[in-house]
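Structure at a glance
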Amino acid sequence: MSYSYDFDMFSVMPDEVQQEFQGFLNEIGMAHTATQQVALFRDPGLAEALRSADEEIKQMFLDSGFGFNVYHSGAPEGRFPARDENARNACVSRLAKNMGKVENLKDRDWGGFDIVAFLDYFQSAEPMDEVEITALHQDLARQARKYKMRRRMAQVGLALGCTMVVGAAAAMVL
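**Description of the nonpolar core**
Within soluble globular proteins, side chains that are nonpolar tend to cluster in buried spots. Counting 28 residues, the largest nonpolar core has F7, F61, F66, F113 and F118 as the members making the most contacts within it. Counting residues per element, the ones that place at least two in this core are β1 (7–11), β2 (37–41), α3 (44–51), α4 (55–64), β3 (66–70), α5 (85–99) and α6 (115–124). It is α6 that contributes the most residues to this core, four residues altogether. Residues contacting F118, with those up to four places away along its chain left out, are Y5, F7, F41, F66, V92, L95 and F113.

**Observations regarding the packing of aromatic side chains**
For any pair of aromatic rings, the description consists of the separation of the ring centres together with the inter-plane angle of the planes. Per the counting criterion, the structure on display carries 17 aromatic pairs. Seen in terms of ring centroids, Y5 and F113 are 5.2 Å apart; in terms of plane orientation they differ by 90°. Their pairing is edge-to-face. With Y5 in the segment before β1 and F113 in the loop between α5 and α6, the pair connects residues that are 108 residues apart, well separated along the chain. A residue is classified by how much of its surface remains accessible, and F113, at 6% relative accessible area, is buried. The rings of Y5, F7, F41, F61, F66, W110, F113, F118, Y121 and F122 are connected pair by pair, giving a single aromatic cluster. A cation sits over an aromatic face here: R88 above F7, 4.1 Å from the ring centre.

**A short note on the sheet that holds β3**
Overall, mixed pairing links the three strands, which are arranged β1-β2-β3 in an open sheet. With partners counted over all chains shown, the strands left at the sheet margins are β1 and β3, one partner each. Averaged over all adjacent pairs, the angle separating strand axes in this sheet is 45°, with direction ignored. Sheet topology places β1 next to β2; five bridges connect them, and they run antiparallel. Residue F10 lies in a different strand from β2, and its bridge partner there is V38.

The rules behind these values
- Residues numbered from 1 in each chain as written.
- Predicted model: local features only at pLDDT ≥ 70, side-chain atom pairs only at ≥ 80, totals over all residues.
- Heavy atoms only, no water.
- Core = buried A, V, L, I, M, F, W, Y, C linked by side-chain atoms within 4.5 Å.
- Buried < 20%, exposed > 50% of the residue type's maximum accessible area, 1.4 Å probe, protein only.
- Helix = DSSP H or I, 4+ residues; strand = E, 2+ residues; numbered from the N terminus.
- Contact = heavy atoms within 4.5 Å.
- Phe/Tyr/Trp six-rings, centres within 6.5 Å; stacked < 30°, edge-to-face > 60°.
- Lys NZ or Arg CZ within 6 Å of the ring centre and 35° of its normal.
- Pairing = 2+ DSSP bridges.
- Axes fitted to C-alpha atoms, helices over the stretch in contact; angles between N-to-C directions.

Given below as structure tokens:
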């Protein structure tokens, strides 16, 4: 099966909460955990495939900073929020390092995950700034409103047409 290997970084603690409590987190020595992010794939099928992989493969991904839930930042296919570039690179670097620690890597069941396809995706994915993502969302929302309006107009036209046909048929019968 072919999967989409797009993934996004998900903050364990939302930025707003982190900013509000940053001083307190610094005082108790937990500031480093507040900024932690996890890499989550966008494709639910891919996440499910990884959940069915051998335990060693799953642990390798978990140790590298990947999770098995699904998250979508809103960036289109092959793109990702530019602010996540360093965290993405770190996760993939840890994955490469951790792959060297698993014995008989080729003989393991990866649950359908294709590491070559993943690395090809990773090499070709491009960053996208927040302004571009916001503009894309606004454009998609505008298109959705247009579609709704056209659909509603078609429904009204159909209802009006049916009313006219029924009225004409009733006039012929009488």
